[in-house]
Amino acid sequence: MRAGSGPPAPEALPERIVSRPVICVATPIEAEFLARLEALGEVRRVEPTVSDDELHAALADAHGVIMSPLRVAGAALFDAAPHLRVVAGTGVGYDNFDVPLATERGIAICNTPGVLNTAVTDLTMTLIVALARQLFAYEDYARSGRWAGRAPRLPLGHDIRGKVLGVVGFGRIGREVTRRMQSLGMRTLWTDVFDTLPEGAPESQYRPLDDLLRESDFVSLHTDLNPTSQGLIGARELALMRSDAYLVNTSRGPVVDQAALREALEAGSIAGAALDVLEDEPPDPADPIPQLPNVIVLPHIGTATEETRYLMRELAANNVIAVLTGETPPAIVNPEVLDSR
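So, here's what we can say about the structure. Small disclaimer: the values here were computed from a predicted structure and weren't measured.

### As for the sheet that holds strand β8 (residues 205–206)
If you trace the seven strands from one edge of the open sheet to the other, you get β8-β7-β6-β9-β10-β11-β12, paired in parallel fashion. In this open sheet, the two edge strands, each paired with only one partner strand, are β8 and β12 (295–297). Pairing between strand β6 (residues 164–168) and strand β9 (residues 218–221): four bridges, direction parallel. Of the residues in β9, the one forming a bridge with Gly-166 is Val-219.

### What to know about the side chain of Thr-303
Among the secondary structure elements, Thr-303 is positioned in the loop between β12 and α11 (306–324). Judged by its relative accessible area of 15%, Thr-303 falls in the buried class. Only 2.9 Å separates the side chain of Thr-303 from the side chain of Arg-309, close enough to count as a polar contact.

### Overview of the environment of Gln-258
One can find Gln-258 in helix α10 (residues 258–267). A relative accessible area of 10% means that Gln-258 is categorised as buried. Along the backbone, Gln-258 and Ala-235 are 23 residues apart, and their C-alpha atoms lie at a distance of 9.4 Å. Those residues in contact with Gln-258, other than ones at most four positions away along the chain, are Leu-278, Glu-279, Asp-287 and Ile-289.

### Considering unusual backbone geometry
For the bond from Glu-281 to Pro-282, the omega torsion is -10 degrees, close enough to zero to count as cis. With respect to the secondary-structure elements, Pro-282 resides in the loop between β11 (272–275) and β12. For His-300, which is not glycine, the phi torsion reads 55 degrees and is therefore positive. Tracing the backbone shows His-300 in the loop between β12 and α11. The class for His-300 is partly exposed, based on a relative accessible area of 33%.

### Digging into the pairing of β9
For a regular strand, side chains alternate in direction, first toward one face of the sheet and then toward the other. Neither face of β9 is open: one carries Phe-218 and Ser-220, the other Val-219 and Leu-221, and all of them are buried. Pairing between β9 and strand β10 (residues 246–249): four bridges, direction parallel. When the sheet's bridge partners are listed, Phe-218 is paired in β10 with Tyr-246. Crossover connection from β9 via helix α9 (residues 235–240) to parallel β10: handedness right-handed.

### What to know about the packing of helix α5 (residues 117–133) against helix α6 (residues 135–143)
One can describe the packing of α5 onto α6 by two numbers: an axis separation of 6 Å at closest approach and a directional angle of 60 degrees. Contacts from Val-129, Ala-130 and Arg-133 in α5 reach Leu-135, Phe-136 and Tyr-138 in α6. The residue makeup of the contact of α5 with α6, split by class, is five nonpolar, no polar and one charged.

Rules used throughout
Residues numbered from 1 in each chain as written. Predicted model: local features only at pLDDT ≥ 70, side-chain atom pairs only at ≥ 80, totals over all residues. Heavy atoms only, no water. Pairing = 2+ DSSP bridges. Helix = DSSP H or I, 4+ residues; strand = E, 2+ residues; numbered from the N terminus. Buried < 20%, exposed > 50% of the residue type's maximum accessible area, 1.4 Å probe, protein only. Polar contact = N/O pair within 3.5 Å; in protein donor to acceptor, adjacent residues only side chain to side chain. Contact = heavy atoms within 4.5 Å. Right-handed = clockwise from strand over helix to strand, strands pointing away. Axes fitted to C-alpha atoms, helices over the stretch in contact; angles between N-to-C directions. Nonpolar A, V, L, I, M, F, W, Y, C, P; charged D, E, K, R; others polar.

Here it is, written out as structure tokens:
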């Protein structure tokens, strides 16, 4: 090697590249991903249960952080981490991250979309079938001893073939749910902020939200959480649904006005609901929603498979590595910050 032909000195590196960055990992992650991060810089492990103040202290000289999307990344965190270049959440949601402020400060916000599509779609399909066939009610009938005691049978369920599925939010997961349920014989409708069928999407009929709610046997929610989608399904929207229709939510809890949903379920103005997400998680022990007989409630398990969580953590690590080496990360919420450096 010729004299002077070695790697550039840190001060000669392009501004987007950080020499030997400090990377804070505040969530469980596989050893193989830690090794890749350690090859890039100094890795600082932080227990996921630490307080916000402890996390902020650990970030004092950090350039990147991998953390749960349930954590808040806003002014307090950014103020405590003046060198921060990237916040990588281990989930698709980022409503706890102040994206405008991060963009203003040149901090990349990254998430993990795409790799969770299959798991969330599988769960959505399961919940639709479970509602139609009353699977949870029949399971309880057998487990409780009522079947053994010759108690009267429950009412019959319904086939899903020929029923209308209305998909609210026609992104990656909404389209995959549509494609899969069409293969099982359901007719499908969709709605979103756009009204033209996206390229590559399964053939399906567009409806404005109100019309979709009136026409659907099952309404499945697949929108992200933002100021326009919060409370999207409230008392007015639930009143548009038929009394024999079901609501499925595997997106975000606050998309549904939970008090209005409870009233609709108790009044029987809709037949039932399946919820993987709630407004407050975990719910208050006194919350009546999980106790209603016409509701299936799960503890936010849409991505809870070993395979999917592995891919989410891998993508989070890849996002951090890309940003700190001056590359475009695979999944970034605010790509404009890369152009500003």
